[in-house]
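So the chains spell out like this:
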Amino acid sequence: MLGVAKDPLQHTSMYERMEEESEDSDGEGGLGNVSRVIIRPPGVSGKAKRGHLCFDAAFETGNLGKAELIGEFEYDLYLRPDTCNPRFRFWFNFTVDNVKQDQRVIFNVVNMNKARNLFNHNLTPLVKSSSRPKWQRLPKKHVYYYRSPVHQNHYILSFAFSFDKEDDVYQFALAPPYSYSRLQSYLSFIENRQQQNDKKFVRTSLAKSLQNRNIDLITIDEISCKSKSLRTERSFIRVIVILSRSYGNASPASYMCQGFLEFLLSTHKIAKILRENFVFKIVPMANPDGVFLGNNRCNLIGQDMNRIWHVANEFLHPEIYAIKNMLKEIDNSDIFQIDFVIDLHAHNSLHGCFIYGNTYEDVYRYERHLVFPRLFAAHVKDFAANNMMFNADDKKVGSARRFCCERLSDTVNAYTLEISLGGHYLKDGKTVALYTEDGYYRCGRNLARTLLHYYRFINILAEPLPTDVRAKKRRPRTHQARSRSRQRYEVKPRPKTTRCSAPISYTNLSISYDSGGSSDEAFSPERHYRYAPRSSHLSGYRNYYRNPSSSLLSQAQDQFTLLRIKSGKFDTLDCGYKIGSKIPTRSIPLEQNEPKFEVSINIPPKPYLSIIDLNQLTRGSLNKKKSNSFEYS
């Protein structure tokens, strides 16, 4: 009927849709997450049987708004949009249980808002079960991302799956979830682990979110705790600010932040140097409400947390407002100076790890701004230099990096560090290695190593002495070599044979060189030369001083050794040398009471151009040519 609004994703299936609304957690007509919804075939009622799938997303970081059965083995899944903002629909996280042994199904995620994403480039959903708690990627051959004419030509994510255990609960997600509760448990664990006499960090709360959740701040300041005298020696204390998890779907950023924090609190030499020289301010979760609700980008009131920095206020955006006040307070201090503000994010359209930066009219500031990304690329093997971007786009005016570079001092370098939800390219440039939790941790540790490299590069920290450099790792003493075979083979001695030089016959072509020039003078028949002891210029006589009787005479009579010496006249009066025309004559004085030797060297003339007769190099003709020698004209 004309004039009646129609769902753009509505389509005809082999099962007629039920008129009543599907069950969900809040009874809001599909606006909330589903809660223990059992999908039964048409005409089936009563108690659910094995194979009637039960969907659930009413838990922390969960997202699934609706599930419908459209075929015997096929389900359409609808993502719940962000709270108070229907634009963003990309993150999903839900569980399935009440399955049947070897039941095969096809799930279609039909309402994703991003057509350009990593599902076009080998990204697949994650799955785990109650008996196998480790996340695993689905095989690419079972995942399809395509335009569906049945769904108004929208992009659809379809993946096939086979349930192999009836008692297991299966969970599917876009990326490994990192919840607000997990962060609180981790911070409490490391806080209780540190000793009372040696506290490496202080945990405080910047503010409360709209749903009364903590905005945690981790401060690492060993300069003020142990080395207060350094404050008088320096004009200021350098501060590094790390922000993370502005978006709910950026769970890899939380893993990267945890890897950075674990490395910084460890006993590693690099971590110890960084703690003793710099102050770190770390905000591990800047949008706790969006993370808890399972939103894609927004907070509780539907605001994009990385686009409202320039208009943030304490009533609508208490998280960003508190972080802004902290940055301004440190920047206006006479003791502290902010060097870095690094915002950790996860990218859903590009592979690898890369950095977004700013552009400046000041050329010197812009060049200084490019140093850190270049050093970071040297420490990270999965760095994607082609994805880096430095701009001053008006659309990003509300982002953290744009706000910090415009509102704070000129010494602040603000970056957005992105890591892919998918993976990174290997050296061949074609194969994609998908990220795991360990890969995200590693990127955080590399960030800490790059900070040390940066401050050594700008001469804030001294370079280590050669004795301080860690030696190359060797095998431990407990290492045992491979067991060799017990079977021994007897080595037979080599039979003794007489050795004699095989003569080479030359055929004279009667072609001689023209005489004249310095080259002919160098090959005069007889020349007396007094060599300077310990002279290292002539390579053939470096051992003259140690054994003049054997080394010098034997090498002087060798024509091939003499031919390696460049032509030129040798001055025998001052014992100097003159080779070529460009090097001036330099006299080498002899030490007192040092013996002088004069050796007569017979230098043969240059031979005629000859050809070796290879036909005579046979085993039978070698004895006949023993008496032959080199022929010279």
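Residues numbered from 1 in each chain as written. Predicted model: local features only at pLDDT ≥ 70, side-chain atom pairs only at ≥ 80, totals over all residues. Heavy atoms only, no water.

In the nomenclature of an unreviewed UniProt entry, the protein is known as Peptidase M14 domain-containing protein of Glossina austeni. Regarding the protein, the relevant UniProt record gives this comment under Cofactor (unreviewed entry): "Zn(2+)". (UniProt positions renumbered as here; feature names shortened; annotations may be inferred.)

A. Summary view of the overall build of the protein. A count of helices and strands for the protein gives 14 helices and 25 strands. Counting across all 633 residues of the protein, residues that qualify as buried make up 45%. Taking the intrachain contacts of the protein between residues at least 6 apart in sequence as the baseline, contacts between residues at least 24 apart amount to 71%. Approximately 36600 Å² of the protein is accessible, and the part contributed by carbon and sulfur atoms is 50%. (Helix = DSSP H or I, 4+ residues; strand = E, 2+ residues; numbered from the N terminus. Buried < 20%, exposed > 50% of the residue type's maximum accessible area, 1.4 Å probe, protein only. Contact = heavy atoms within 4.5 Å. Areas by Shrake-Rupley, 256 points an atom, 1.4 Å probe, with all protein chains shown as cover.)

B. Main features of the UniProt feature "active site" (unreviewed entry) in the protein. The residues that UniProt annotates with the feature "active site" (unreviewed entry) are Glu418. Among the structural elements, glutamate 418 can be located in strand β19 (residues 413-420).

C. Examining the packing of aromatic side chains more closely. Enumeration over the complete set of coordinates arrives at 34 aromatic pairs. The rings of Phe55, Tyr75, Phe92, Phe94, Phe107, Phe159, Phe161, Phe163, Tyr170 and Phe172 are connected pair by pair, giving a single aromatic cluster. The ring of tyrosine 78 has lysine 66 sitting right over it, with the charged end atom 5.9 Å from the ring centre. (Phe/Tyr/Trp six-rings, centres within 6.5 Å; stacked < 30°, edge-to-face > 60°. Lys NZ or Arg CZ within 6 Å of the ring centre and 35° of its normal.)

D. Just the pairing of strand β7 (residues 126-129), in detail. Bridge count for β7 against strand β8 (residues 136-137) is 2 bridges, and the pairing is antiparallel. In the sheet register, leucine 126 faces β8, and the bridge partner there is arginine 137. Connecting β7 to the next strand, β8, in antiparallel fashion are 6 residues. (Pairing = 2+ DSSP bridges.)

E. Spotlight on the sheet that holds strand β10 (residues 154-163). Strand order in the open sheet made by the 5 strands is β3-β4-β6-β10-β9, with mixed pairing throughout. The open sheet has two edge strands, β3 (66-69) and β9 (143-148), and neither has a second partner. With strand direction ignored, the average angle separating the axes of adjacent strands in the sheet is 25 degrees. Sheet topology note: the β3/strand β4 (residues 74-78) ladder contains 4 bridges and is antiparallel. In the sheet register, leucine 69 faces β4, and the bridge partner there is tyrosine 75. (Axes fitted to C-alpha atoms, helices over the stretch in contact; angles between N-to-C directions.)

F. The layout of surface pockets, seen in detail. As a volume, the second largest pocket reaches approximately 670 Å³. Lining the second largest pocket are 26 residues, and of these Lys114, Tyr247, Arg297, Arg307 and His347 lie nearest its centre. Of all the secondary-structure elements, those providing two or more residues to the lining of the second largest pocket are β16 (336-347) and β19. Looking at the lining of the second largest pocket element by element, the count peaks at 3 residues for β16. Partitioned by chemical class, the residues of the lining of the second largest pocket number 7 nonpolar, 10 polar and 9 charged. For the lining of the second largest pocket, the two domains that each supply at least three residues are domain 1 (8-13 + 29-173) and domain 2 (180-458). (1 Å grid on protein atoms, 1.4 Å probe; cavity = no way out; pocket = protein on both sides within 12 Å on 5 of 7 lines; lining within 4 Å. Points joined across faces, edges and corners; volume = space filled by probe spheres on them. Nonpolar A, V, L, I, M, F, W, Y, C, P; charged D, E, K, R; others polar. Domains from an automatic or database assignment.)

G. Representation of the confidence of the model for the protein in the model. Overall, the prediction assigns the protein a mean pLDDT of 78, with 67% of residues at 70 or greater. Scored below 50 in pLDDT, residues 629-633 makes 8 contacts in the model with residues more than four places away or belonging to other chains. (pLDDT = per-residue confidence, 0-100.)

H. Local environment of the nonpolar core. Judged by nonpolar contacts, the single largest core of 93 residues is most densely connected at Phe55, Phe107, Phe163 and Phe172. Looking at this core, the element that brings in the most residues is helix α11 (residues 437-457), giving 9 residues. The residue makeup of this core includes at least three contributed by each of domain 1 (8-13 + 29-173) and domain 2 (180-458). Every residue in contact with phenylalanine 172, bar those within four places of it in the chain, is listed here: Phe92, Asn93, Phe94, Val96, Phe107, Leu126, Val127, Phe159, Phe161 and Phe163. Among the nonpolar cores identified, the runner-up in size contains 27 residues, and Val241, Leu243, Ile323 and Val412 belong to it. (Core = buried A, V, L, I, M, F, W, Y, C linked by side-chain atoms within 4.5 Å.)

I. Fine view of the pattern of salt bridges. Tallied over the full model, the rule gives 13 salt bridges. For aspartate 168, the salt bridge goes to arginine 132, with nearest N and O atoms at 3.4 Å. With aspartate 168 in the loop between β10 and β11 (170-173) and arginine 132 in the loop between β7 and β8, the pair connects residues that are 36 residues apart, well separated along the chain. Judged by relative accessible area, which is 7%, aspartate 168 ranks as buried. A salt bridge links glutamate 191 to arginine 203; its shortest N-O distance comes to 3.3 Å. Note that glutamate 191 is positioned in helix α1 (residues 180-193) and arginine 203 in strand β12 (residues 202-208), a separation of 12 residues in sequence. (Salt bridge = Lys/Arg side-chain N within 4 Å of Asp/Glu carboxyl O.)

J. Up close: the packing of helix α9 (residues 371-379) against α11. Between α9 and α11, the shortest axis-to-axis distance is 9 Å and the interhelical angle comes to 125 degrees. Taken together, the axes of α9 and α11 lie oblique to each other. Crossing angle aside, the handedness with which α9 passes α11 is right-handed. In this structure, α9 uses Val371, Phe372, Leu375, Phe376 and His379 to contact α11, whose residues at the interface are Cys443, Asn446, Leu447, Arg449, Thr450, Leu451, His453, Tyr454 and Phe457. For the contact of α9 with α11, the per-class residue count stands at 9 nonpolar, 4 polar and 1 charged. (Parallel < 35°, antiparallel > 145°, perpendicular 65-115°, else oblique. Left-handed = near helix turned anticlockwise from the far one by under 90°.)

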